[in-house]
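# Analysis of the macromolecular model
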Amino acid sequence: MAERVEQRLEDRVPELEQLERVGLFTRKEVRAVLRKASALEYKIQRRALRKEDFINYIQYEVNLLELIKKRRARIGYSFKKDEIENSILHRVHCLFKRATGKWKEDIQLWLSHVAFCKQWNAKHELSKVFSSLLAIHPNKPALWIMAAKWEMETRLSSESARHLFLRALRFHPECPKLYQEYFRMELMNAEKQRKEKKAFEQAKMNLGEFSYPEEILNGEMARIIYRDAAQKIKGAEFHLAVLSIAKLFDFTQDLQKEILESLQTRYADDPLTWDYMARRELEMESKQSTEQTTKQMKITEMTQREERCCAVFEEAVGAVPTEDMWKCYIAFCLERYNRNTNSQGLKQKRLERTLSVFNKAHESSLLSEALYKQWVQLLLESSQFEKATEVAAAATKRFSQSVEMWRIRLQVLIQLKSDDVTQGFEEAIKHVKSQGALPLWTLWVEWSEGTNSKEDTEALYQRSLQATTPAESATMKEMYLDWTYRNGGYKKVKKVFTSLCENRPFSLDFFKKMIQIEKEQESCKMLHLREYYERALREFGSTGSDLWLDYIKEELNHPQGKPENCGSIHWRAMKMLQGDLVEDFVSKYTLLQTGHL
């Protein structure tokens, strides 16, 4: 191993001598580089290799390259790059090759090598990296797309990119993203060739051996890809994706028409098809002259476009009366309503339209939970409080077991200071299963704290402990403890804590809260703290390494503490803690002993 390291260090000598000779580094810096390189080399020559050692070595070399680049710019010296940078670049590539050879499954390592090659313009090396990467990870379409894009956009090789896409499709014959990017690549290639041909023609140059087939220029390759993909990939989503790509190129009108016709024929009942057809109305050209267009004319034109969209959506919800179709219609209305406009009239019209569509969907019983929530919020924002209450009630009627729907309804009642809040909570608890009802109980007690008497609130807390599931009751215990201390003081909270300790389960925060309360007292007693820590450790001693440390700190720092107890606490912790927590506890305990924690 030592001989190998010595050989590697000797290989560095020429580049380091050049760095010193040309004034980029001082002799002292060269020696520091050599020392650091020696340490890094020894780490990657061990039998038990660690990925972190390779990453650290690569990072060091990259930092060195960046430093050399800055020094060159500062002194204006640009020679001897072959002897200096290229030597370092070669070493980094070798390090990456060893690392990716050892940890083949680590995609991030491969991608770091790709990024490095791109940063230092190592085209030939990157081509080899992609080749190795795709041989090992052919099951990841994103890597094929990345390689093909690089061939097309950086190496300007449409042939290589096409070859990669075809290979990728053999592995992933039904991957929509691969077809989309292949389709895009062929259209980009067609656009590039059209520009080249036009430049030749404008310069009145003889095309000679250059050939620009008409089918390539018109995007026929992309059409073939689309037709092939359309046979294998079902659903309107794919058609819409390729249509949006085709619209980026101004020579694809016929292709766009074909995709659109296929979409309307094959997926006439898909909400996405109708959504696209409706939104197209926004893009339709105005028939009015663009000259002398006033602000009012623009508003009128936009209103007409939106009304045309809504007419298509109305037809859609009649033809395809589904929840998803209404969702598309409402999403469109909300988008338009949320757009900024200086016209109050247009804003009001959009609001009325949106609320009307919400109402129609509700009457059709095709409104989802999430949309009921948005409807209520919109009504509250527009100060239609009575209607918001009515809609929230309708939502809980339709989704009677939904905790979220009841929570929204109750929040509306609380916000409007309604007299029906208590009745609403009682109704909610009847309908909702006890499991998952925690948000309703927390909302109820929080409301009660600010509205009802202490006696009523305490009774509600005690009721919640019986009504919630054991796991959820732990949260209610924490809240009850906190409320009792705020409203009843120390003596009261001690009684409540003792009574709550009779019924499991508990949360760690429940005990921490009681410990914190004790420490806030002027006559804080170590005896009480020990009791709370011991109770907590009975429940969380196997997982709470920090809890053991806090207990030890308390014995060390409290005026009534007994430092001689620390050894016994440490011994118990070592016995109870599980797995890696033992190591974590030992390291923190060592820091505590040395005064660093």
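Nothing here was measured: the structure is a model prediction, and the numbers come from that model.

### So, the overall build of the protein
Secondary structure assignment for the protein yields 29 helices and zero strands. With the principal axes as the frame, the protein shows a C-alpha extent of 100 × 80 × 45 Å. Burial statistics for the protein: of 597 residues in total, 45% are counted as buried. Residue pairs in contact within the protein that sit at least 24 positions apart in sequence constitute 60% of those at least 6 positions apart. When the accessible surface of the protein is split by element, carbon and sulfur atoms take 50% of a total near 32900 Å². Positive and negative side-chain charges in the protein, numbering 95 and 88 respectively, have mean positions lying 4 Å apart.

### Some points on helix 20 (residues 403-415)
Counted at 1.5 Å a residue, the expected span for helix 20 with its 13 residues is 18 Å, and the 18 Å between its end C-alpha atoms agrees. Elements in contact with the buried residues of helix 20: helix 18 (369-381), helix 19 (385-398), helix 21 (421-431) and helix 22 (438-451). Of the residues one or two after helix 20, Lys-417 is the one with positive phi, at around 50°.

### Points about the packing of helix 27 (residues 545-557) against helix 28 (residues 566-576)
What describes two packed helices is the angle between their axes and the distance between those same axes. Relative orientation of the contacting elements helix 27 and helix 28 amounts to 175°, with a least axis distance of 10 Å. Considering their axes alone, helix 27 and helix 28 lie roughly antiparallel with respect to each other. Of the residues in helix 28, those in contact with Trp-548, Tyr-551, Ile-552, Glu-555 and Leu-556 of helix 27 are Cys-566, Ile-569, His-570, Arg-572, Ala-573 and Met-576. For the contact of helix 27 with helix 28, a count of residues per class yields eight nonpolar, one polar and two charged.

### Side note on the UniProt feature "domain: U3 small nucleolar RNA-associated protein 6 N-terminal" (unreviewed entry) in the protein
Mapped onto this numbering, the UniProt entry annotates "domain: U3 small nucleolar RNA-associated protein 6 N-terminal" (unreviewed entry) at residues 9-91. Secondary structure over residues 9-91 splits into 76% helix and 0% strand, and the C-alpha atoms at its two ends are 12 Å apart.

### Overview of the packing of aromatic side chains
By convention here, two paired aromatic rings are described through the distance between centres and the angle between planes. Tallied over the entire structure, the rule returns 27 aromatic pairs. Here Trp-326 and Tyr-329 contribute two aromatic rings whose centre-to-centre distance is 6.0 Å and whose plane-to-plane angle is 20°, an arrangement assigned as stacked. With Trp-326 and Tyr-329 both in helix 16 (residues 323-338) and three residues apart, the pair spans about one turn of that helix. What makes Tyr-329 buried here is its relative accessible area of 2%. Taken together, the ring pairs in this structure connect Phe-497, Phe-506, Phe-510, Phe-511, Tyr-532 and Phe-540 into an aromatic cluster. When the ring centre of Trp-120 is taken as reference, the NZ or CZ atom of Lys-69 above it lies at 5.7 Å. The lysine or arginine in question, Lys-347, covers the ring of Tyr-337, its NZ or CZ lying 4.4 Å from the ring centre.

### Details of the side chain of Arg-162
For Arg-162, the location among the structural elements is in helix 8 (residues 158-171). Those residues in contact with Arg-162 that sit more than four places away from it in its chain are Tyr-182, Met-185, Glu-186, Asn-189 and Met-221.

### Here's the deal with the pattern of salt bridges
It is possible for side chains bearing opposite charge to pair when their charged atoms get close. Here the structure, examined in full by the defined rule, presents 51 salt bridges. With a closest N to O distance of 3.1 Å, Glu-220 and Arg-223 form a salt bridge. Taken together, the positions of Glu-220 and Arg-223, both in helix 11 (residues 220-232) and three residues apart, correspond to about one turn of that helix. A residue is classified by how much of its surface remains accessible, and Glu-220, at 28% relative accessible area, is partly exposed. Arg-223 sits in the buried class, given a relative accessible area of 11%. In this structure, the salt-bridge partner of Lys-387 is Glu-390, at a minimum N-O distance of 3.5 Å. Note that Lys-387 and Glu-390 are positioned in helix 19 at a spacing of three residues, about one turn of the helix. Judged by relative accessible area, Lys-387 falls into the partly exposed class, the value being 26%. Beyond isolated ion pairs, a larger network of salt bridges with shared partners links Arg-12, Glu-15, Glu-61 and Arg-91.

### A look at the domain arrangement of the protein
Taken as a whole, the protein is organised into domain 1 (1-103) and domain 2 (506-596). Each of domain 1 and domain 2 has a C-alpha centre, and these two points are 49 Å apart.

### Notes on the packing of helix 12 (residues 236-246) against helix 13 (residues 253-266)
One can describe the packing of helix 12 onto helix 13 by two numbers: an axis separation of 10 Å at closest approach and a directional angle of 165°. It follows from the interaxial angle that helix 12 and helix 13 lie roughly antiparallel. Between helix 12 and helix 13 the crossing geometry is left-handed. Note on element contacts: helix 13 touches helix 12 through Gln-256, Ile-259, Leu-260, Ser-262, Leu-263 and Arg-266, opposite Ala-236, His-239, Leu-240, Val-242, Leu-243 and Ala-246. When grouped by side-chain class, the residues that make up the contact of helix 12 with helix 13 number eight nonpolar, three polar and one charged.

### Some points on unusual backbone geometry
The omega torsion across Arg-504 and Pro-505 is 0°, close enough to zero to call that bond cis. Residue placement: Pro-505 occurs in the loop between helix 24 (470-500) and helix 25 (508-520). Unlike most non-glycine residues, Leu-156 shows phi in positive territory, near 55°. Position of Leu-156 relative to the elements: it lies in the loop between helix 7 (141-153) and helix 8. Residue classification places Leu-156 among the exposed residues on the basis of a relative accessible area of 56%. We note that Lys-417 has phi near 50°; this positive angle belongs to a residue other than glycine. With respect to the helices, strands and loops of the structure, Lys-417 is situated in the loop between helix 20 and helix 21.

### Description of the side chain of Ser-262
For Ser-262, the location among the structural elements is in helix 13. Residue Ser-262 is classed as buried on the basis of its relative accessible area, which comes to 16%. With residues up to four places along the chain from it excluded, the contact list for Ser-262 reads Tyr-226, His-239 and Tyr-267.

Cut-offs used in this document
Residues numbered from 1 in each chain as written. Predicted model: local features only at pLDDT ≥ 70, side-chain atom pairs only at ≥ 80, totals over all residues. Heavy atoms only, no water. Helix = DSSP H or I, 4+ residues; strand = E, 2+ residues; numbered from the N terminus. Buried < 20%, exposed > 50% of the residue type's maximum accessible area, 1.4 Å probe, protein only. Contact = heavy atoms within 4.5 Å. Areas by Shrake-Rupley, 256 points an atom, 1.4 Å probe, with all protein chains shown as cover. Lys, Arg positive; Asp, Glu negative; His and termini not counted. Charge placed at Lys NZ, Arg CZ, Asp CG, Glu CD. Expected span 1.5 Å × (residues − 1). Axes fitted to C-alpha atoms, helices over the stretch in contact; angles between N-to-C directions. Parallel < 35°, antiparallel > 145°, perpendicular 65-115°, else oblique. Nonpolar A, V, L, I, M, F, W, Y, C, P; charged D, E, K, R; others polar. UniProt positions renumbered as here; feature names shortened; annotations may be inferred. Phe/Tyr/Trp six-rings, centres within 6.5 Å; stacked < 30°, edge-to-face > 60°. Lys NZ or Arg CZ within 6 Å of the ring centre and 35° of its normal. Salt bridge = Lys/Arg side-chain N within 4 Å of Asp/Glu carboxyl O. Domains from an automatic or database assignment. Left-handed = near helix turned anticlockwise from the far one by under 90°.

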